[in-house]
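As a plain string of letters, each chain reads:
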Amino acid sequence: MLISSATHKYLRWNIPVYFLSYLLKWIPSFLFMPLILPQLKMVFPCFSYSRESYTVHPFFNDLTCWEFSHIGLSILSFVLMSTFIAISFAITLVFYNSQIPKAEQYRDNAMCARVNNYPEAYLILAKSIALILFIASNSDSWRIALSIILTLSGLGLVYLNALTLPFWDDAAQSMYILQGMLCAWTGVIAFLTTVLNGT
């Protein structure tokens with residue numbers, strides 16, 4: 001970010017600024033999972049085991065839970081994870097297309113333009129909490145609770161989208177409501193599968 005700002009100010013070079021703007025758009029969406037999953041996998045799976053059990057880390061076979069190297073890497077991963085979630089949340093709340101549709105032709109207006117981005121910020125938090133719980137759960141006893149949490153997250157996203165109606169475009173608004181409904185439906189199916197002794 002500093003290099004982009006410096007090259008733009010002193011050299012009048014716009015390419016780093018354009019690159020940084022695309023990177024900021026991609027961090028909370030495409031790059032969220034690849035950047036946060038290794039940190040979550042380092043920190044949370046060992047919470048189910050005691051220090052005296054000397055359990056091999058479920059995701060990293062060369063580490064043993066709660067030994068010195070694991071504790072150091074977990075602290076580093078926790079700091080990186082917290083920083084990344086906070087940055088993603090801030091980017092989501094601030095960096096979005098807020099252009100009011102003024103073109104005479106409907107197709108000339110930006111489909112992704114919106115009034116606010118609260119539902120997307122809620123989705124970042126819901127994804128983070130769901131990922132933490134899914135990674136921390138090491139037994140089948142968590143299945144019902146996780147399916148209920150997934151259902152409630154999807155319903156919360158539908159409710160927030162319907163309450164705020166952030167998009168100017170009806171098709172985009174419908175797709176975001178459908179996204180929440182699919183999340184809720186996934187939770188319902190996971191619940192039914194667990195209750196009916198499915199695999």
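This text gives an overview of the structure that appears in the document. Counting starts from 1 at the beginning of each chain's written sequence and moves along it residue by residue. Per-residue local features are limited, in this predicted model, to residues with pLDDT of at least 70; the limit for side-chain atom pairs, both in listing and counting, is 80 or more; totals at the level of whole chains, interfaces and linings are taken over all residues. Each side-chain value is derived from all of the structure's non-hydrogen atoms; neither hydrogens nor water enter the calculation.

1. Remarks on the packing of helix α3 (residues 32–43) against helix α4 (residues 68–94)
Here's step 1: Helix axes are fitted only over the stretch in contact, all axes being lines through C-alpha atoms; the angle between N-to-C directions runs from 0 to 180 degrees. The helix and strand labels rest on DSSP assignments: H or I over at least four residues marks a helix, E over at least two residues marks a strand, and numbering proceeds from the N terminus. Two numbers describe how α3 lies on α4: the axes approach to 8 Å, and their chain directions differ by 145°. Where α3 crosses over α4, the two elements pack in a sense that is left-handed. Residue-level contacts link Phe32, Leu35, Ile36, Gln39, Leu40, Met42 and Val43 of α3 to His70, Leu73, Ser74, Ser77, Phe78, Leu80, Met81, Phe84, Ile85 and Ser88 of α4.
Here's step 2: Split by residue class, the contact of α3 with α4 holds 12 nonpolar, 5 polar and no charged. In this scheme the handedness of a crossing depends on how the near helix is turned from the far one: anticlockwise by less than a right angle means left-handed, clockwise means right-handed. Should any heavy atoms of two residues lie within 4.5 Å, those residues are counted as being in contact. Any residue outside Ala, Val, Leu, Ile, Met, Phe, Trp, Tyr, Cys, Pro, Asp, Glu, Lys and Arg is labelled polar, Gly included; the first ten of those are nonpolar and the last four are charged.

2. Observations concerning the side chain of Ser137
Here's step 1: Tracing the backbone shows Ser137 in the loop between α5 (118–136) and α6 (143–164).
Here's step 2: A distance of 3.0 Å separates the side chain of Ser137 from the backbone oxygen of Phe134, its partner in a polar contact.
Here's step 3: For Ser137, the residues in contact, after removing those within four places along its chain, are Trp142 and Leu146. For this analysis, a polar contact is any N or O atom pair within 3.5 Å, provided that within protein one partner can donate a hydrogen and the other can accept it, and provided that sequence-adjacent residues contribute only side-chain to side-chain pairs.

3. Observations regarding the environment of Val79
Here's step 1: Locating Val79 in the fold gives a position in helix α4.
Here's step 2: It is 43 Å that separates the C-alpha atoms of Val79 and Asp108, two residues lying 29 residues apart in sequence.

4. A short note on α5
Here's step 1: For α5, built from 19 residues, the straight-helix expectation of 27 Å at 1.5 Å per residue is met to within 8% by its first-to-last C-alpha distance of 27 Å.
Here's step 2: Each element contacted by the buried residues of α5 is listed here: α3, α4, α6 and α7 (170–195). In a helix, the anticipated span is given by 1.5 Å times the number of residues less one.

5. Side note on the state of the cysteines
Disulfide: a covalent bond formed between the sulfur atoms of two cysteine residues.
Here's step 1: Two cysteine sulfur atoms form a disulfide, by the criterion used here, when they sit within 2.5 Å. Scanning all chains against the criterion turns up 1 disulfide.
Here's step 2: Between Cys46 and Cys65 runs a disulfide, and the two sulfur atoms are separated by 1.9 Å. Here the disulfide of Cys46 and Cys65 is left-handed, its torsion about the S-S bond being about -60°. A residue pair is termed long-range when its members are at least 10 positions apart, and Cys46 in the loop between α3 and α4 and Cys65 in the loop between α3 and α4 qualify at 19 residues. When sorted by exposure, Cys46 lands in the same class as Cys65, which is buried. Exposure is judged per residue with a 1.4 Å probe applied to protein chains only, and the accessible area is read against the type maximum: over 50% gives exposed, under 20% gives buried, and values in between give partly exposed.

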